[in-house]
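Descriptive structure summary
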Amino acid sequence: MSHHILALDIGTHSIKALHVQQRLRSHEVVAYQEVPVSEEPTDGEIDESTVAAVTGEFSSVPDRAPLTPGQRKALLELAEQGQLEGDVVVIGYGLEHCVQAEVDLPFVDRRSIEKILPIQVDEHFPMDFLELTSDFTVSKQPNENGEHRVNVIGTPHDMLGAYISALNAVDLDPRL
């Protein structure tokens, strides 16, 4: 079975589209396209992503549009070129939209970690952990105390939902 995978990197300076043909035992890069993102705001809008990047604050621009006007324009240009098609669409989600924390735990079992994680990391986040879409990774090797480092990342449900809705508005349906 063959799948056409579209991987998108939606950056502040350009949007990169990588097309990969995946087969049962191999994969092949079949196309790559990069479109610059206009750095100047359009329609009189301020590019708040620049403000957030400069201040380094998670909530510096709470009402910021999920995609800047320049990113939206570049995505529409890629769509016009037929570069946004694929069986599976994979899109990165920038760390500027996320909060992170690390904790050490004495076990590596995902189910056990999922049960206690909200209590362990709640003080590290600027909002209730249950208001975040989150994931975590666990180090395989324990530290000198026999505990495993758990790296946790989360983004507010509404921010992720708005981002996916903005992508849907340009006919993208990300799976990963």
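What counts, and at which threshold
- The residue numbers shown here count from 1 along each chain, following its written sequence.
- pLDDT decides what is reported in this predicted model: residues at 70 or higher carry local features, side-chain atom pairs at 80 or more are listed and counted, and totals for whole chains, interfaces and linings draw on all residues regardless.
- The basis for every side-chain value is the complete set of heavy atoms in the structure, and neither hydrogens nor water enter the calculation.
- Only DSSP runs of H or I reaching four residues or more are called helices, and only runs of E reaching two or more are called strands; each is numbered from the N terminus.
- Categorising residues by exposure relies on relative accessible area from a 1.4 Å probe, with only protein chains included: less than 20% of the type maximum marks a residue as buried, more than 50% marks it as exposed, and the intermediate range marks it as partly exposed.
- Throughout, a residue-residue contact means that at least one pair of heavy atoms, one from each residue, lies within 4.5 Å.
- The accessible surface values rely on the Shrake-Rupley method and a 1.4 Å probe; as for residues, cover is taken only from the protein chains in view.
- We treat two strands as partners when DSSP finds at least two bridges between them.
- To obtain an axis, a line is fitted to C-alpha atoms, over the contacting stretch when the element is a helix, and the angle between two such axes runs from 0 to 180 degrees between their N-to-C directions.
- Only buried Ala, Val, Leu, Ile, Met, Phe, Trp, Tyr and Cys residues count toward a nonpolar core, and they belong to the same one when joined by side-chain atoms within 4.5 Å.
- Patches in this entry comprise residues that are over 30% relatively accessible and not in a salt bridge; like charges within 9 Å are linked, as are nonpolar side chains (Val, Leu, Ile, Met, Phe, Trp, Tyr) within 5 Å.
- We define a salt bridge as a contact between a side-chain nitrogen of Lys or Arg and a carboxyl oxygen of Asp or Glu at a distance within 4 Å.
- Charged residues are defined narrowly, with Lys and Arg counted positive, Asp and Glu counted negative, and His plus the chain ends left uncounted.
- Charge positions come from single atoms, namely NZ of Lys, CZ of Arg, CG of Asp or CD of Glu.
- In this analysis, the expected span of each helix is defined as 1.5 Å times one less than the number of residues it contains.

Points about the overall build of the protein chain
The helix and strand inventory of the protein chain stands at four helices and seven strands. Helices and strands appear in the protein chain in the N-to-C order β-β-β-α-α-β-β-α-β-β-α. By residue count, 31% of the 176 residues in the protein chain fall in the buried class. Within the protein chain, contacts between residues separated by at least 24 positions form 58% of all contacts whose residues are at least 6 apart in sequence. As presented, the protein chain carries roughly 11,000 Å² of accessible surface, and 51% of it is formed by carbon and sulfur atoms.

Details of the sheet that holds strand E1 (residues 3-10)
Two strands in a sheet stick together by hydrogen bonds in their backbones, pointing the same way (parallel) or opposite ways (antiparallel). If you walk across this open sheet you meet the four strands as E3-E2-E1-E4, and the pairing is mixed. A strand with exactly one partner marks an edge of an open sheet, and here the two such strands are strand E3 (27-36) and strand E4 (88-91). Between one strand axis and the next, the sheet turns by 15° as a mean value, whatever way the strands run. Relative to E4, E1 runs parallel, the two sharing four bridges. Following the sheet pairing, Leu6 is matched in E4 by Val89.

Observations regarding unusual backbone geometry
Where the residue is not glycine, phi is negative for most of them; where a peptide bond is considered, it is trans in most cases. Phi at Asp171 takes a positive value of approximately 65°, unusual for a residue other than glycine. Within the fold, Asp171 resides in the segment after helix H4 (157-169). The exposed category is assigned to Asp171, whose relative accessible area is 70%.

Some words on the nonpolar core
Among the nonpolar cores identified, the biggest contains 19 residues, and Leu8, Ile10, Ile15, Leu75, Ile91, Leu167 and Leu172 are the most heavily contacted of them. Among the elements of the structure, E1, strand E2 (14-22), helix H2 (69-80), E4 and H4 are those that each provide at least two residues to this core. With residues up to four places along the chain from it excluded, the contact list for Ile91 reads Leu8, Ile10, Tyr163, Leu167, Leu172, Pro174 and Leu176.

Considering the sheet that holds strand E5 (residues 99-105)
Strand order in this open sheet of three strands is E5-E7-E6, and the pairing throughout is antiparallel. Because the sheet does not close on itself, it has two edges, and the strands there are E5 and strand E6 (132-138). Across the sheet, the mean angle from the axis of one strand to that of its neighbour is 25°, orientation sign disregarded. Direction of pairing for E5 relative to strand E7 (residues 148-156): antiparallel, over a ladder of seven bridges. Within E7, the position partnered with Ala101 by the bridge is Val152.

Describing a negative patch on the surface
Among the surface-exposed residues, Asp122, Glu123, Asp128, Glu131 and Asp158 lie close enough to one another that they form a single negatively charged patch. Residue Glu131 is classed as partly exposed on the basis of its relative accessible area of 45%.

What about the environment of Ala31?
Take Ala31: it is sitting in strand E3. Between the alpha carbons of Ala31 and Gln83 there is a distance of 8.8 Å; along the sequence they are 52 residues apart.

Let's talk about H4
The end-to-end C-alpha separation of H4 is 18 Å, in line with the 18 Å expected for 13 residues at 1.5 Å each. Contacts from the buried residues of H4 go to E1, H2 and E4.

Some thoughts on the pairing of E2
Inspection of the sheet shows E1 paired to E2 by eight bridges, in the antiparallel sense. Following the sheet pairing, Ile5 is matched in E2 by Val20. Sheet analysis places E2 next to E3, joined by nine bridges and oriented antiparallel. Across the sheet, the residue bridging to Leu18 is Tyr32, located in E3.

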